[in-house]
Amino acid sequence: MEHTDFSELLFEAMATLETKDEIKNLFNDICTPKEVKSIAQRFGVAKMLNEGAVYSEIVKATGASTATVSRVNRTMDTGCKTALERMGKK
């Protein structure tokens, strides 16, 4: 299997999961606590950007660097927006 195939394998595995606990268990199995914290922080940044927060507010609230906020802002697209929208409808 080529390295590029591993992303698709991960996404396919995630699509089989049905509960928050199952997803949490997968992340805890394959990520270090620091990696989970980093991913979670980036999602928090995305949430705040989606809500219209400014960089300085986001840095203060999340502890993320301005470089991280900028990167999330540049790359945030339908994935985060779809998840945030669905979470808001619960």
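Structure's up top.
How each quantity is defined
Residues numbered from 1 in each chain as written. Predicted model: local features only at pLDDT ≥ 70, side-chain atom pairs only at ≥ 80, totals over all residues. Heavy atoms only, no water. Helix = DSSP H or I, 4+ residues; strand = E, 2+ residues; numbered from the N terminus. Buried < 20%, exposed > 50% of the residue type's maximum accessible area, 1.4 Å probe, protein only. Contact = heavy atoms within 4.5 Å. Areas by Shrake-Rupley, 256 points an atom, 1.4 Å probe, with all protein chains shown as cover. 1 Å grid on protein atoms, 1.4 Å probe; cavity = no way out; pocket = protein on both sides within 12 Å on 5 of 7 lines; lining within 4 Å. Points joined across faces, edges and corners; volume = space filled by probe spheres on them. Core = buried A, V, L, I, M, F, W, Y, C linked by side-chain atoms within 4.5 Å.

J.: Explanation requested: the overall build of the protein chain in the structure shown.
T.: The secondary structure content of the protein chain amounts to six helices and zero strands. On the principal axes, the C-alpha backbone points of the protein chain span a range of 40 × 30 × 20 Å. A burial count over the protein chain gives 16% of its 90 residues as buried. Within the protein chain, counting contacts between residues at least 6 apart in sequence, those at least 24 apart form 37% of the total. Of the roughly 7,100 Å² that the protein chain leaves accessible, carbon and sulfur atoms contribute 55%.

J.: Help me understand the layout of surface pockets, please; the structure alone is not making it clear to me.
T.: By rolling a water-sized probe across the atoms, one finds the places where empty space is left. Roughly 1,000 Å³ of volume is contained in the largest pocket. Around the largest pocket, the lining is made up of 18 residues, and of these Met14, Ile23, Phe27, Ile39 and Phe43 lie nearest the centre. Counting residues per element, the ones that place at least two in the lining of the largest pocket are helix H1 (5–16), helix H2 (20–30), helix H3 (33–50) and helix H6 (78–88). A total of six residues in the lining of the largest pocket trace back to one element, the largest contributor, which is H2.

J.: Can you help me understand the nonpolar core in this one?
T.: One recurring pattern in soluble globular proteins is that nonpolar side chains are buried together. The biggest cluster of nonpolar side chains holds ten residues, and these are Val45, Ala46, Met48, Leu49, Ala53, Ile58, Ala64, Val69, Val72 and Met76. Elements supplying a minimum of two residues to this core: H3 and helix H5 (66–75). Per-element accounting of this core gives the leading share, four residues, to H3.

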